Amino acid sequence: MTSFAARRYDTGEPVRISLEGEQIAAVEPMGPLEDLEPLPYVAPGFFDLQINGHGGVWFSDESLTSDAVLEVLAAHFRFGVTRLCPTLITNSFEAIHDGLTAIRQACEREKWSDQMVAGCHIEGPYIAAEDGPRGAHPLEHVRGCDWSEFEKWQKASGGRVRLVTLAAEADGAEDFIRQAVASGVTVAIGHTAATTEQITAAVDAGARLSTHLGNGAHGTMRRHPNYIWDQLGEPRLTASIITDGHHLPPSVVRSIIFAKGTSGIVLTCDASGLAGCAPGEYDYHGGRFEVLADGPIVVAGQRQYLAGSGQLTDTCVSNAVTMAGLTLGQACDMAALNPCRLLGIPVVTLTRGSRADLILFRYGGSGTRLQVTAAMLAGALRFGELPGTC
Ligand SMILES: [Zn+2]
C-alpha cells in the first residue's frame, strides 16, 4: 500500500492518504501540525475538456499516429492533468476520422491512456464561417451539421466522442443537437454568431456548454443583444473559459464567474498543438501560426486572433485564483469536478473508494504559480515523486 502526507486543496487540512490498487483506500486527518509548509497540496487531478495537442503535435493532424497520441497525453501529466478530452478542430472528414482512429488505437494499446482520455472533443467543423467567430479554424472545411458524417467519426473513435462544439446557427443544428444528446454526447455552443432565438433553440434542443465563452467572437459587435450576453444569461449553459491571461481580461473572467456561479464554470487551457514550442513561426495545415515570446499563440502577422493557448492547465488554475479572487478549492473544482459533472462521468474526490487520479503541488497563494510535483492516474505515479512514501 502506498501512503503519503499532504494538505487538502479545499480545506488546507493535513491528511494522510493511502492508496490500494487504483483507488483511495483511506484519507485520515493528521491532527494539528506545527508547520504545514513542508507538505504539498493534494487535489483531484485536473480534467481539461479542450486539449489540442502539445510540442508541435495536433490531435487534428491527418498524420497523427498512436505513438504521437501517447506522447502528447504523457506530456500533460506534468501540468496536473490526469484526464482530458483530445480536441480535434475543423478539418476534412478524413483528417478527423484518421485522428480519432489514432486516438482509439492509442487507448486500445495502453490502459493508462484509455483511463486518461475521458472522451474526445470535436470542435467544429459545424461552426460560423465569418472572420472572428471562426477564430483560427480553416474556412475551407467549415460546413453545416452532418449526422451521418458524425456517426462515422464516433465509430472510428470506438464510441469515445463525448463532446461536440458547434455554432447554434449552423445548418441543421437543432436536429443534430437532439440526435447527439440522445446518443449521450454533450453539445457545446462555440465559434458562433447566432441570434438570441438561435441560441435559445440550441439550448432547448439540449446544448449545455458555451465553449471558451468570450473568445471565438467578433472583435467588434452590437452592444446588445449579442451572442455573448445571450449565453452569459442562459442558466442552462455552463461556460468554459480560458484563463491563460491572454484570452480574457480579469474583469471578463470575474463577470462570467459571477454570472454562472462557481458550479457553472469549467476552466480550460485550450492548449494549442504548439504549446511547449519555442517562440517563432510555424506552418500547420495550410495556415501560419506564431508562438510569441510573451506567451500567446496567434494566427501569424497579427495579435487579435489567438490560436489556442501556450499556457497549460496548471497555469490556468492559478491564474483563475489571481484574476477572479477565487479560493484554491474553487479553482481546482472548476478544473476537475465541474467538467466531470457536465459530461456525466465519475468525479474524483478525496474520499475512500474514489479512483486515485491525484495531483500534488506547491502553491504560494494568489499571484503565484502552482507547481505540480506529482501526478497519479488510477493509483499509478505518472509524473514526479510522492513525498514521505512509506
Ligand atoms: Zn475554439
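Quick caveat, the model's predicted, so the values are computed rather than measured.

A short note on the UniProt feature "domain: Amidohydrolase-related" (unreviewed entry) in the protein
Inference 1: The residues that UniProt annotates with the feature "domain: Amidohydrolase-related" (unreviewed entry) are residues 41–362.
Inference 2: Overall, residues 41–362 shows 33% helix and 20% strand. The separation of its end C-alpha atoms is 6 Å.

Topic: the coordination of the zinc ion
Inference 1: Around the zinc ion, the protein contributes the donor atoms Glu123 (OE), His191 (NE2) and His212 (NE2), at 2.0 to 2.1 Å from the metal centre.
Inference 2: Classification of His212 as buried rests on a relative accessible area of 3%.

Overview of the sheet that holds strand β16 (residues 287–291)
Inference 1: The three strands are arranged β15-β16-β17 in an open sheet whose pairing can be described as antiparallel. The two strands at the open ends of the sheet, each matched to only one other strand, are β15 (280–284) and β17 (297–299). Averaged over all neighbouring strand pairs, the angle between strand axes comes to 30 degrees, with direction disregarded.
Inference 2: With three bridges joining them, β16 and β17 adopt antiparallel strand pairing. Residue Val291 lies in a different strand from β17, and its bridge partner there is Ile297.

Section: the sheet that holds strand β4 (residues 41–44)
Inference 1: In space, the seven strands of this open sheet follow the order β3-β2-β1-β4-β18-β19-β20, with mixed pairing throughout. Each edge of the open sheet carries a strand with a single partner, namely β3 (23–29) and β20 (380–384). Here the average twist between neighbouring strands, direction ignored, is 35 degrees.

Considering helix α8 (residues 250–260)
Inference 1: Residues Val253, Ile256, Ile257 and Lys260 constitute the buried set of α8. The arc enclosing the buried residues of α8, seen along the axis, measures out at 95 degrees, which places them on a common side.
Inference 2: Of the surrounding secondary structure, the elements contacted by the buried residues of α8 are α7 (227–232), β13 (238–242), β14 (265–268), α9 (313–324) and α10 (328–335).
Inference 3: Immediately downstream of α8, the backbone of Gly261 shows phi near 80 degrees, a positive value.

As for the packing of aromatic side chains
Inference 1: Summed over the entire model, instances satisfying the criterion amount to 10 aromatic pairs.
Inference 2: Their ring planes at 20 degrees and their centres at 5.6 Å tell us that Tyr41 and Phe361 sit as a pair that is stacked. Residue Tyr41 is located in strand β4, and its partner Phe361 is located in strand β18 (residues 358–362); the two are separated by 320 residues in the primary sequence.
Inference 3: Since its relative accessible area comes to 0%, Phe361 is described here as buried.
Inference 4: When the centroid spacing of 5.8 Å and the interplanar angle of 50 degrees are considered together, the rings of Phe77 and Trp112 count as tilted. Linking Phe77 in the loop between α1 (66–75) and β8 (81–89) with Trp112 in helix α3 (residues 111–116), this pair joins segments that are 35 residues apart in sequence.
Inference 5: We classify Trp112 as buried; its relative accessible area is 13%.

The rules behind each value
Residues numbered from 1 in each chain as written. Predicted model: local features only at pLDDT ≥ 70, side-chain atom pairs only at ≥ 80, totals over all residues. Heavy atoms only, no water. UniProt positions renumbered as here; feature names shortened; annotations may be inferred. Helix = DSSP H or I, 4+ residues; strand = E, 2+ residues; numbered from the N terminus. Donors = N, O, S within 2.8 Å, 3.2 Å for Na, K, Ca; no water. Buried < 20%, exposed > 50% of the residue type's maximum accessible area, 1.4 Å probe, protein only. Pairing = 2+ DSSP bridges. Axes fitted to C-alpha atoms, helices over the stretch in contact; angles between N-to-C directions. Arc of directions from axis to C-beta. Contact = heavy atoms within 4.5 Å. Phe/Tyr/Trp six-rings, centres within 6.5 Å; stacked < 30°, edge-to-face > 60°.

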